[in-house]
Amino acid sequence: MGYSKNEYDEKSMARALGKDLSISTKVSIEMCKYLRNKSTKRAKQILSRVLEKKEAIPFTRFNWDMGHKPGDMGPGRYPQKASEELLALIKSVEANASSKGLSVDNLVISHLVAQKASRPWHYGRQRRRQMKRTHIEIMVKE
């Protein structure tokens, strides 16, 4: 998952993994595409505005039958659950970076990827319904 050993620099980069998060993989892919190469400060602002439903995440790939949102954008949504999980992951990677001695003010998200996780069955009488699970990996560099 992620960078090869040659590309990941231990001294100037920090990483965090979110394993088996119960959020939609498709929504996560769109959010990762939108937040990649942004500073962590800007990404946290965007996600908090999404939670307040002030700013929408543009959907470019999984957007069939989706309405356009206000502002200068096309189809989009306000994914609440995925925003909370990604916000927690960004805070976690910032803590990892500060423990390594990196400056938290000028961190940039260099690698942010969402991948399908195992999908166990829901418990009980739900006639073969599976859960939504996603792995998210984030790497930041100064």
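Residues numbered from 1 in each chain as written. Predicted model: local features only at pLDDT ≥ 70, side-chain atom pairs only at ≥ 80, totals over all residues. Heavy atoms only, no water.

Q: Explain the packing of aromatic side chains here, please?
A: Both the distance between ring centres and the angle between the ring planes are used here to describe each pair of aromatic rings. Evaluated as defined, the whole model comprises zero aromatic pairs. The ring centre of tyrosine 8 lies 6.0 Å from the NZ or CZ of arginine 15, which sits over that ring. Between the NZ or CZ atom of lysine 38 and the centre of the ring of tyrosine 34, over which it lies, the distance is 4.7 Å. (Phe/Tyr/Trp six-rings, centres within 6.5 Å; stacked < 30°, edge-to-face > 60°. Lys NZ or Arg CZ within 6 Å of the ring centre and 35° of its normal.)

Q: How do you make sense of the pairing of strand β5 (residues 134-141) when you look at a structure like this?
A: Across the eight residues that make up β5, a large majority, seven, are buried. In terms of strand pairing, strand β1 (residues 13-21) meets β5 through seven bridges, oriented antiparallel. The residue bridging leucine 21 from the neighbouring strand is threonine 134, located in β5. The pairing of strand β4 (residues 108-116) with β5 spans eight bridges and is antiparallel. (Buried < 20%, exposed > 50% of the residue type's maximum accessible area, 1.4 Å probe, protein only. Helix = DSSP H or I, 4+ residues; strand = E, 2+ residues; numbered from the N terminus. Pairing = 2+ DSSP bridges.)

Q: I tried to follow the layout of surface pockets on my own but got confused; where do I start?
A: Vacant regions in the atomic arrangement are exposed by a probe of water-molecule size rolled over the atoms. By volume, the largest pocket is sized at about 230 Å³. In this structure, the largest pocket is lined by Ile23, Ser24, Thr25, Lys26, Ile29, Phe62, Lys116, Arg119, Lys132 and Arg133. In terms of residue count, helix α1 (residues 25-35) provides more of the lining of the largest pocket than any other element does, three residues in total. Here the lining of the largest pocket is built from residues that sort into three nonpolar, two polar and five charged. (1 Å grid on protein atoms, 1.4 Å probe; cavity = no way out; pocket = protein on both sides within 12 Å on 5 of 7 lines; lining within 4 Å. Points joined across faces, edges and corners; volume = space filled by probe spheres on them. Nonpolar A, V, L, I, M, F, W, Y, C, P; charged D, E, K, R; others polar.)

Q: Please clarify how α1 should be interpreted in this entry.
A: Residues separated by three or four positions in an α-helix point in the same direction, a consequence of the helix having 3.6 residues per turn. Along α1, the residues that are buried comprise Thr25, Val27, Ser28, Glu30, Met31, Cys32 and Leu35. Among the structural elements, α2 (40-51), β2 (57-58), α3 (80-100), β4 and β5 are those in contact with the buried residues of α1. Measuring from the side-chain oxygen of the N-cap residue of α1 to the backbone nitrogen of lysine 26 gives 3.4 Å; that N-cap residue is serine 24. Just downstream of α1 lies asparagine 37, where phi reads positive at about 65°. (Contact = heavy atoms within 4.5 Å. Polar contact = N/O pair within 3.5 Å; in protein donor to acceptor, adjacent residues only side chain to side chain.)

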